[in-house]
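# Breakdown of the fold
Listed below are the residues making up each chain.
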Amino acid sequence: MPKRSSRKKDEALRDLLRLPPGERVDLAGYDTRATPGAPGGKQAGLADTARTGRRLARLQERLWAAGTAGDRRRVLLVLQGMDTSGKGGTVKHVIGELNPTGCRIKAFRAPSEEERRHDFLWRVRRALPEPGEIGILDRSHYEDVLIARVRHLARPAEIGSRYGLINDFERSLAEDGVTVVKCFLHLSPEEQKRRLLRRLDRPDKHWKFDPADIDERALWPAYQEAYELALARCSAPHAPWYLVPADRRWYRNWAISRLLLEHLRELDPRYPQGEFDVAECRERLLKQT
């Protein structure tokens, strides 16, 4: 991915970051420190992220308002990436400007006993946004073709069948008015190591550290292969994957903010018209003491 320091006014970021559907993915060919489409360096990116946050908040309010009047459209942001790639940080910095009333955030961990009694998509269906909402998944149904593949938690044939089930699931979401925005946060092993060491250096970050993270790093090549398969086999025009370089936190936050903004602008939700006589209601209020 070539480094880009500026973005043409009419060039959509999603065109720069979208992975071509159905094509083989070689993650080694993408620069984790690249800044495609960025408005400039870090300071310019931070300033633009703040402006984008305010625009997102206004569009979110319109989406929520439209949902109260029967508009079934909603947005689902899927965040996937290796440990420390910034899934939680994205939720904090990108979604922080939005009204929590219109957001539905779910962080997935190892399945519970109840979740294991159902198919792998069951717990994801329960976390989907309602009409008018923006849903955010910190990890998702893709864990069942990622860690399940790397850790051999299911038979190869079963894992192989899940790609098709995921594609059918995401197609049904799109047909039901869900705009699916899937972001792979592309992190380098060197940057992950630095972030894990910083967690060890800070007692207030120890709660975020798990010694098992060290063991997971040893499986980096297997995880990259699993991601390459998922990105290639589960990308479609109605649910494409966006590869977001994640070594630079400011760029990661800026890029995902911009992607959400572009999709919401395309939806162009509108405030519903009031089903009452404005003049009559104003007159009644003015007559009250």
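See the structure above.
Now for a description of the structure that goes with this document. (Residues numbered from 1 in each chain as written. Predicted model: local features only at pLDDT ≥ 70, side-chain atom pairs only at ≥ 80, totals over all residues. Heavy atoms only, no water.)

## Observations regarding the state of the cysteines
Stated formally: Whenever a pair of cysteine sulfur atoms sits within 2.5 Å, that pair is classed as a disulfide. For the exposure calls, accessible area comes from a 1.4 Å probe over protein chains only, and a residue counts as buried if that area is under 20% of its type's maximum, exposed if over 50%, partly exposed in between.
For the structure on display, the rule yields zero disulfides. Of all cysteine sulfurs, the one in Cys183 lies closest to Cys103, which takes part in no disulfide; the gap is 15 Å. Among the residues examined, Cys103 registers a relative accessible area of 13% and is labelled buried. Note on Cys234: no disulfide assigned, nearest cysteine sulfur contributed by Cys183 at a separation of 16 Å. For Cys234, a relative accessible area of 0% translates into the label buried.

## A closer look at helix α12 (residues 278-287)
This is how the line gets drawn: For helices the rule is a DSSP run of H or I covering at least 4 residues; for strands it is a run of E covering at least 2, with both sets numbered from the N terminus onward. Distance and chemistry together define a polar contact, namely a pair of N or O atoms within 3.5 Å, with one atom able to donate a hydrogen and the other to accept it when in protein, and with adjacent residues in sequence counting only for side-chain atoms on both sides.
The element α12 is largely exposed, with a buried count of zero among its ten residues. Where α12 begins, the side chain of Asp277 points an oxygen toward the backbone nitrogen of Ala279, at a separation of 3.1 Å.

## Focus on the environment of Trp241
Heads up, the condition is: Should any heavy atoms of two residues lie within 4.5 Å, those residues are counted as being in contact.
If you trace the backbone, Trp241 turns up in strand β5 (residues 241-245). For Trp241, a relative accessible area of 1% gives the class buried. Between the C-alpha atoms of Trp241 and Leu59, which are 182 residues apart in sequence, the distance is 23 Å. The contacts of Trp241, once residues within four sequence positions are left out, are Leu17, Arg18, Leu19, Gln80, Tyr142, Lys182, Cys183, Phe184, Ala230, Leu231, Cys234 and Ser235. A polar contact is formed between the side chain of Trp241 and the backbone oxygen of Cys234, at a distance of 3.2 Å.

## Brief notes about the pairing of strand β4 (residues 178-186)
As a reminder, the rule being used: Pairs of strands are assigned from DSSP output, requiring at least two bridges between the strands.
Counted residue by residue, β4 has nine buried out of nine residues, so it is predominantly covered. Pairing of strand β1 (residues 74-81) with β4 involves eight bridges; the strand directions are parallel. Residue Leu76 lies in a different strand from β4, and its bridge partner there is Val180. When β4 meets β5, the two strands line up parallel, connected through five bridges.

## Some words on unusual backbone geometry
The residue His152 is not glycine, and still its phi comes out positive at about 55°. Within the secondary structure layout, His152 lies in the loop between α6 (143-150) and α7 (156-175). The residue Asp268 is not glycine, and still its phi comes out positive at about 50°. Among the secondary structure elements, Asp268 is positioned in the loop between α11 (249-267) and α12. On the accessibility criterion, Asp268 (29% relative accessible area) is partly exposed.

## Focus on the packing of helix α2 (residues 42-68) against α11
What counts, and what does not: Between N-to-C directions, angles span 0 to 180 degrees; the directions come from axes that are lines fitted to C-alpha atoms, helices contributing only their stretch in contact. Note on convention: near helix rotated counterclockwise from far helix by under a right angle means a left-handed crossing. Clockwise means right-handed. Under this grouping Gly is polar, as are all residues other than the nonpolar Ala, Val, Leu, Ile, Met, Phe, Trp, Tyr, Cys and Pro and the charged Asp, Glu, Lys and Arg.
Put simply, α2 and α11 touch, their axes get as near as 9 Å, and they point 30° apart. The way α2 lies across α11 gives a crossing that is left-handed. Between α2, through Lys42, Gly45, Leu46, Asp48, Thr49, Thr52, Arg55, Leu56, Leu59 and Leu63, and α11, the contact on the second element is made entirely by Trp250, Asn253, Trp254, Ser257, Arg258, Leu260, Leu261, Leu264 and Arg265. A per-class count over the contact of α2 with α11 returns nine nonpolar, five polar and five charged.

## Things to note about the side chain of Arg199
Condition: Charged residues are defined here as Lys and Arg on the positive side and Asp and Glu on the negative side; His and the ends of the chain fall outside this count. Any carboxyl oxygen of Asp or Glu within 4 Å of a side-chain nitrogen of Lys or Arg constitutes a salt bridge here.
Here Arg199 shows up in helix α8 (residues 189-201). Within the buried core, Arg199 has no salt-bridge partner, and the shortest N-O distance to an opposite charge, that of Asp213, equals 4.6 Å. With sequence-adjacent residues up to four places away left out, Arg199 is seen in contact with Thr84, Lys205, His206, Lys208 and Phe209.

## Re a positive patch on the surface
Worth spelling out the cut-off: Here the term patch refers to residues with relative accessible area over 30% and no salt bridge, with like charges joined within 9 Å and nonpolar side chains (Val, Leu, Ile, Met, Phe, Trp, Tyr) within 5 Å. The method behind every accessible area is Shrake-Rupley, applied with a 1.4 Å probe, and residues are considered shielded solely by the protein chains displayed. In this description, the location of a charge corresponds to atom NZ of lysine, CZ of arginine, CG of aspartate or CD of glutamate.
Positive charge collects at one region of the surface, where Lys42, Lys92, Lys208 and Arg249 lie side by side. Tracing the chain through its elements places Lys208 in the loop between α8 and α9 (212-217).

## Here we look at α2
An α-helical segment advances 3.6 residues per turn. Residues three or four places apart therefore align on the same side. Cut-off, in case you're wondering: In a helix, the anticipated span is given by 1.5 Å times the number of residues less one.
For α2, with 27 residues, the first-to-last C-alpha span of 38 Å sits near the 39 Å given by 1.5 Å per residue. The elements touched by buried residues of α2 are β1, β2 (103-107), β3 (134-138) and α11. Gly70 occupies a position one or two residues after α2 and carries a positive phi of about 105°.

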